[in-house]
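# A look at the structure
So the chains spell out like this:
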Amino acid sequence: FITIETEGSHFLPTDFPIGLLSISPKFGNSVPVLGTKTPQGADVDQRMIDKHNSLRLNKEAIKKSIEYHNDYHIKPVLDKDLNIYGEVWKFLNDLEIPNEKVWVMPAGDDRESLFESYGPVMNFARDKGYRFTGRAHIMAFNTEREV
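Below: a short report on this structure. Small disclaimer: the values here were computed from a predicted structure and weren't measured.

Notably, Glu96 is not glycine yet its phi reads approximately 55°, a positive angle. By the element assignment, Glu96 lies in the loop between helix H3 (85–94) and strand S5 (103–106). Here Glu96 falls in the exposed class, since its relative accessible area comes to 69%. The backbone of Asn142 sits at a positive phi, close to 55°, despite the residue not being glycine. Along the chain, the position of Asn142 falls in the segment after helix H5 (136–141).

Pairing is parallel in the open sheet, where three strands are placed in the order S1-S2-S3. Whereas interior strands pair on both sides, the edge strands pair on one side only; in this sheet they are strand S1 (3–6) and strand S3 (72–74). If you compare each strand with its neighbour and ignore which way they point, the axes differ by 15° on average. Pairing of S1 with strand S2 (residues 20–23) involves four bridges; the strand directions are parallel. Counted as the bridge partner of Thr3 is Leu20 from S2.

Let us look at the side chain of Thr38. Note that Thr38 resides in the loop between S2 and helix H1 (46–55). Look past the residues within four positions of Thr38 in its chain and what remains in contact with it is Val44 and Met48.

Below, the discussion takes up the packing of aromatic side chains. Tallying each qualifying case throughout the model produces six aromatic pairs. Between the aromatic rings of Phe27 and Phe91, the centroid separation amounts to 5.5 Å while the plane-to-plane angle is 80°, which identifies the pairing as edge-to-face. Taken together, the positions of Phe27 in the loop between S2 and H1 and Phe91 in helix H3 put the pair 64 residues apart, joining distant regions of the chain. Linked through ring pairs, Tyr85, Phe124 and Tyr130 together constitute an aromatic cluster. Here Lys101 stacks its cationic end above the ring of Tyr72, 5.0 Å away from the centre of that ring.

Bringing the environment of Ile4 into the picture now. Inspection of the secondary structure assignment puts Ile4 in strand S1. In the structure, Ile4 is positioned 15 residues away from Gly19 in sequence and 8.4 Å away in space, judged by C-alpha atoms. In contact with Ile4, other than residues within four places in its own chain, are Ile18, Leu20, Leu21 and Ser22.

Quick notes on the rules
Residues numbered from 1 in each chain as written. Predicted model: local features only at pLDDT ≥ 70, side-chain atom pairs only at ≥ 80, totals over all residues. Heavy atoms only, no water. Helix = DSSP H or I, 4+ residues; strand = E, 2+ residues; numbered from the N terminus. Buried < 20%, exposed > 50% of the residue type's maximum accessible area, 1.4 Å probe, protein only. Pairing = 2+ DSSP bridges. Axes fitted to C-alpha atoms, helices over the stretch in contact; angles between N-to-C directions. Contact = heavy atoms within 4.5 Å. Phe/Tyr/Trp six-rings, centres within 6.5 Å; stacked < 30°, edge-to-face > 60°. Lys NZ or Arg CZ within 6 Å of the ring centre and 35° of its normal.

Next comes the structure, spelled out in structure tokens:
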């Protein structure tokens with residue numbers, strides 16, 4: 001049984017369907033902020049933002065992947081204020097994703113910001129009939145990379 005985690009920007013046919021695709025589409029809250037640094041230390045410029053936006057939500061590739069492979073779930077990242085839920089809802093509705101295939105994740109690049117998101121996102125998942133998944137790598141390693 002093979003699981004692949006992807007943001008879904010490309011459809012990749014394989015010789016045999018994958019057992020589970022864990023798809024984390026990139027919504028509006030994933031767009032890099034101009035003038036900041038990436039976690040790897042690169043400067044965010046307009047070119048980087050444009051490239052990110054050109055690939056970040058490829059509904060056709062995600063739809064083909066869902067149809068081709070054996071099973072999937074969708075894992076959107078939600079901020080504590082849930083301000084992108086309209087965009088997420090439209091995506092889920094457009095692709096006819098059932099609630100039991102949605103696993104929401106709290107936003108946060110470090111433990112402190114993650115703690116702020118956990119409660120609101122957990123309550124939201126419960127109220128909408130979605131599932132919740134934490135971000136154990138951040139809880140365990142905080143901002144440490146390549147662990």
